Amino acid sequence: MSRTRMLVSQCEVGTIIVEDVKSYQGITLVAKGSVLNQYILDRLTDRGISSIWVYSLDGLASRVTLANMEQVEGSYTEAVLVVKQILHELSSGGKLNYHKIIQLSELVYGSVNSSLNVIKCLNGIRDKDEYTYTHCVHVAFYSMLIAKWLALPKEEIEEVIQAGLLHDIGKVLIPDEILNKPGKLLESELDIMQRHSLIGYFSIKNEMEITQPVKEAVLSHHERADGSGYPYGLTGEEINLYTKIIAIADVSDAMTQDRVYKKGVTPFVAFEMFQTLGIGTFDIRILKIFLKNIAVNFTGLNVIMENGEHGEIVYVPPYEITKPIILNGSSFIDLSGTDRRIVSVW
Ligand SMILES: [Fe+2]
């Protein structure tokens, strides 16, 4: 796809923006990758922005369609089934079927250019009974998007997907009563739980077809930039790129999913937590890229407010991603400067 500069007055709803649109003061108003809707077009006109860079196809603006939503959902469903099968085989003493993981990473990669649909698909899923399998697949999809936003080449994105699919395989050997304990873990139980990254690593260590960075990501996905992670307390540049990507995808999904022992928070609360607690814990450059790009893709999703009002997200300001604008009937709810909360997103 090439790019073209178009007059805002000639842009249609659904057109994809290819470069950040900035105000005259240099503030990013609409981030690249955003899909234009009527709200954004009106605000650009209000701000006096006359033209913007968009993707084009044969000289025409390229518009996003939801046609490939079915493809994303199909890949997701198949990935969950295959991961379930692989983990069952492993837990009953079988060998890891790595060919299936490679095939699966290629299947997942098929959704690489559908960020909007991937995020819509993953946000629509709440299945705590199947958490172990869905979590691995969620992490694989989110990690793929982060790797794409970092502009990694295809082969590396596929390896990142493999690392996402495999990152928690060590959990097959952790007793269920610890894995799904409905309360806080005792120190001794936490110690056993934290062994899953080492167990996972040792189960793939001698697998010749798995590349070293993928093995390292499985081993170190709980390491943190400030040295607070495990098993080795690595810091900063001791942690490899795939690990840094998987760590953000893993925590993002873990925060937002319901578990037997806790209710998941909304993605907007997760963004807030990343912006406060995440600084220093995660690689700051990757965290910024993740937050900026993921927020863009929440436009078009549905929400429920704390008072029961329903609405659709029409704009997520890049400078305040935790305060989206919501279309409620024919009026807008602007969350900036208010304590109003979103309680559900899908
Ligand atoms: Fe883990």
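Here, residues in each chain are numbered from 1, in the same order as that chain's written sequence. Local features in a predicted model are, by the rule used here, given only for residues with pLDDT of at least 70; side-chain atom pairs are given and counted only at 80 or more, and totals for whole chains, interfaces and linings are based on all residues. Only hydrogens and water are removed before side-chain values are computed, so all heavy atoms of the structure are retained for them.

Counting from the N terminus, the helices are the DSSP runs of H or I reaching at least four residues and the strands are the DSSP runs of E reaching at least two. In terms of regular secondary structure, the protein is built from 13 helices and 10 strands. Here the globule rule is a power law, 2.2 Å times the number of residues to the power 0.38, and the radius of gyration is based on C-alpha atoms. Taking 346 residues into account, the globule formula puts the C-alpha radius of gyration at 20 Å, and the protein, at 21 Å, falls close to it. Working rule for contacts: check all heavy atoms of both residues, and any pair within 4.5 Å makes them a contact. Put simply, of all contacts in the protein between residues at least 6 apart along the chain, 65% involve residues at least 24 apart. Element-wise, carbon and sulfur atoms account for 53% of the exposed surface of the protein, whose accessible area totals about 16,200 Å². What sets the accessible areas is the Shrake-Rupley method with a 1.4 Å probe; for residues, cover comes only from the shown protein chains.

Residue placement: Lys-171 occurs in the loop between α6 (154-166) and α7 (176-179). Classification of residues uses two cut-offs on accessible area relative to the type maximum, computed with a 1.4 Å probe and protein chains only: under 20% is buried, over 50% is exposed, and between them is partly exposed. By relative accessible area, which is 17% here, Lys-171 ends up buried. Lys-171 sits 132 residues away from Tyr-39 along the chain, and the two C-alpha atoms are 45 Å apart. Sequence-distant contacts of Lys-171, defined by excluding residues within four places in its chain, comprise Leu-179 and His-196.

With that out of the way, let us pick up a nonpolar patch on the surface. Every patch collects residues that have over 30% relative accessible area and no salt bridge, joining them within 9 Å if they carry like charges and within 5 Å if they are nonpolar side chains (Val, Leu, Ile, Met, Phe, Trp, Tyr). The salt bridge definition used is simple: a Lys or Arg side-chain nitrogen within 4 Å of an Asp or Glu carboxyl oxygen. On the surface, a nonpolar cluster with roughly 250 Å² of combined accessible area is contributed by Val-269, Met-273 and Leu-277. Looking at the element boundaries, Val-269 is found in helix α12 (residues 267-276).

To continue, consider helix α11 (residues 241-256). Each helix should span, by expectation, one fewer than its residue count multiplied by 1.5 Å. The terminal C-alpha atoms of α11, which comprises 16 residues, lie 23 Å apart, in line with the 22 Å expected from a rise of 1.5 Å per residue. Within α11, 14 of the 16 residues are buried, which leaves the element mostly enclosed by the surrounding structure.

This part takes up the packing of aromatic side chains. For this analysis, a ring pair means two rings from Phe, Tyr or Trp (six-membered ring only for Trp) whose centres lie within 6.5 Å, classed as stacked if their planes differ by under 30 degrees, edge-to-face if by over 60, and tilted for the remaining angles. Across all of its chains, the model carries 9 aromatic pairs by this definition. With centroids separated by 5.4 Å and ring planes inclined at 65°, the aromatic side chains of Phe-274 and Phe-282 adopt a geometry described as edge-to-face. We note that Phe-274, like Phe-282, is buried. Ring-pair connections join several aromatic residues into one group, and the members of that group are Tyr-39, Tyr-315 and Phe-332. Between Arg-43 and the ring centre of Tyr-39, over which it is positioned, the NZ or CZ distance is 4.6 Å. The criterion is that NZ of a Lys, or CZ of an Arg, lies within 6 Å of the ring centre and within 35 degrees of the ring normal, and then a charge sits over that ring. The lysine or arginine in question, Lys-154, covers the ring of Tyr-109, its NZ or CZ lying 5.2 Å from the ring centre.

Nine residue types can take part in a nonpolar core, namely buried Ala, Val, Leu, Ile, Met, Phe, Trp, Tyr and Cys, and a core is a set of them joined through side-chain atoms within 4.5 Å. Residues Met-144, Ile-146, Leu-166, Phe-274, Phe-290 and Phe-298 are the most contacted members of the largest nonpolar core, which totals 79 residues. The element contributing the most residues to this core is helix α5 (residues 131-149), with 12 residues. When near neighbours in sequence (up to four residues on either side) are disregarded, Leu-166 contacts Leu-96, Tyr-98, Ile-101, Ile-210, Val-214 and Val-218.

Attention shifts here to the sheet that holds strand β9 (residues 331-334). Strand order in the open sheet formed by 5 strands is β9-β8-β7-β6-β10, and the pairing between neighbours is antiparallel. Each of the sheet's edge strands pairs with one partner strand only, and the pair in question is β9 and β10 (342-345). Along the sheet, successive strands turn relative to each other by an average axial angle of 40°, direction set aside. As defined by bridge partners, strand β6 (residues 302-305) adjoins strand β7 (residues 310-315) across 3 bridges and the pair is classed as antiparallel. Pairing of Asn-302 across the sheet is with Glu-312, part of β7. Between N-to-C directions, angles span 0 to 180 degrees; the directions come from axes that are lines fitted to C-alpha atoms, helices contributing only their stretch in contact. Each of β7, β8 (325-328) and β9 touches helix α1 (residues 38-46); the most contacted strand, β7, lies at about 45° to it. Following DSSP output, two strands are said to pair if at least two bridges run between them.

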